[in-house]
Amino acid sequence: MLQTHMMAGTCTVKPARISPTSFTRQGRGTEFIPGDGAPAAMGRRIEELLLVAEFGAAVGTLLDPHQVCAAAGEWLCSAIGWQLLSVCCHGDAAGTLRHNDGTRNRRESKKCQKSAAAPVYVAKTLNGLSDASDVYTIPFPDGSGTLSLSRKSMVESQYSDEFVLGIVENLARSLVNARECDRLKTLSMRDHLTGLYNRRVFEAMLEVETRKRTSKPFSLLLIDLDNFKIINDTYGHGTGDQVLVAVAKMLRLSFRKSDVVSRYGGEEFAVLLPETAPDSAWMVAERFRENVASLSIGYRAENIMPTVSVGIASIAYRFGIEVADVLEEADRALYQAKANGKNRVCASLLGENG
């Protein structure tokens, strides 16, 4: 506080006398009242700042959202006795830090939880369940999500609002960084148009499958859109992209989650079928071909009816087989399907034993 004195056209400024003060905790808040406990209160505040810095160091270097939350839960429990129940992320603005003590705040918290796409983290010990009266939900200051803590564990710890805000801000910032890293990692693995794995990722997974020490067979499908250049030239590249997206969607619907589906390049797709014998590979490839042939993509007054040709390479015996061998065999079968009139499936068996 400053006192200003005006004397003969000049201005002099000198410090005003400051009364001794100290912190007194009432509930969870912190306020100044006259007294002689200021050193103790200042020491407490410094202790909280150091704890916030320690928490930031524990979660700030992790680049996986679930690992960030797991590390946060472990640190909060071991360092200050807080019990982290769950963390949710969403895109709606949640405003500033609020507590769920009143009806309005509870309503805002429910809105945050409702807009969350899915929990990023749920405590294993509780499986996400707790008595509603014991759940203390706090929105992130940047509106990117919420975290839920055990109210009992927080009340017993008696930390200040500033400390709570520091913890929440650090967690929110670390999660934003981790989610962005996760997004960039996904982008580097996926084709931007169809959302399928790209060629680089597919060939890496094919390499892993080829090197497995097992006697179980696997199959590779190379799929090519018939007459795709004509579609682009006739209807435009935008419509061609719609056809690619429609075929990619059909790929997702036609194969198992354990199968690796990719856009191999241009109008060509590839599917890796682990533990799939030649007969089974043929059946799923033929079913997919029929599904694509049933598609009808509208363009003005016309309907585009795409078809695909499929080449299969089935590997019965892995010893001595290279990735290039598998791709070459599937490509040879695909060429045969094209030569035989398109809109059909051709297969080849590679690596027969004896």
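Residues numbered from 1 in each chain as written. Predicted model: local features only at pLDDT ≥ 70, side-chain atom pairs only at ≥ 80, totals over all residues. Heavy atoms only, no water.

Q: Now, about the overall build of the protein: what can you tell me, with residues and values included?
A: Counting secondary structure elements, the protein contains ten helices and 15 strands. The proportion of buried residues among the 354 residues of the protein is 41%. Put simply, of all contacts in the protein between residues at least 6 apart along the chain, 68% involve residues at least 24 apart. Of the roughly 19700 Å² that the protein leaves accessible, carbon and sulfur atoms contribute 54%. (Helix = DSSP H or I, 4+ residues; strand = E, 2+ residues; numbered from the N terminus. Buried < 20%, exposed > 50% of the residue type's maximum accessible area, 1.4 Å probe, protein only. Contact = heavy atoms within 4.5 Å. Areas by Shrake-Rupley, 256 points an atom, 1.4 Å probe, with all protein chains shown as cover.)

Q: Please give an account of the packing of aromatic side chains that cites residues and values.
A: Summed over all chains, the structure comprises eight aromatic pairs. Centroid distance Y159 to F163: 4.4 Å. Interplanar angle 25°. Geometry classified as stacked. Assigned by exposure class, Y159 and F163 land together as buried. Each ring, one from Y235 and one from Y299, has its centre 4.9 Å from the other, and the planes form 70°; the classification is edge-to-face. Taken together, the positions of Y235 in helix 7 (residues 228-235) and Y299 in strand 12 (residues 297-299) put the pair 64 residues apart, joining distant regions of the chain. Of the two residues, Y235 and Y299, both sit in the buried class. Three or more aromatic residues joined by ring pairs make a cluster, and in this case those are W82, Y159 and F163. Above the plane of the ring of Y197 lies R190, whose end atom (NZ or CZ) is 4.0 Å from the centre. (Phe/Tyr/Trp six-rings, centres within 6.5 Å; stacked < 30°, edge-to-face > 60°. Lys NZ or Arg CZ within 6 Å of the ring centre and 35° of its normal.)

Q: For the packing of helix 8 (residues 237-254) against helix 9 (residues 278-293), give the residues involved together with the corresponding values.
A: Viewed as axis vectors pointing N to C, helix 8 and helix 9 meet at an angle of 140°, and their least axial separation amounts to 10 Å. When the interaxial angle is binned, helix 8 and helix 9 end up oblique. Helix 8 and helix 9 meet at a crossing whose hand is right-handed. Residue-level contacts link V247, M250, L251 and S254 of helix 8 to R287, F288, N291 and V292 of helix 9. (Axes fitted to C-alpha atoms, helices over the stretch in contact; angles between N-to-C directions. Parallel < 35°, antiparallel > 145°, perpendicular 65-115°, else oblique. Left-handed = near helix turned anticlockwise from the far one by under 90°.)

Q: Explain the pattern of salt bridges to me, and be specific about the residues and the numbers.
A: Applying the stated criterion to the full structure yields 18 salt bridges. Across the pair K338 and D224 runs a salt bridge, and its minimum N-O distance is 2.6 Å. Of the two residues, K338 is situated in helix 10 (residues 323-339) and D224 in strand 9 (residues 218-225); the sequence distance between them amounts to 114 residues. With a relative accessible area of 23%, K338 lands in the partly exposed category. Taking relative accessible area as the criterion, D224 reaches 13% and is therefore assigned buried. (Salt bridge = Lys/Arg side-chain N within 4 Å of Asp/Glu carboxyl O.)

Geometry only, nothing functional implied.
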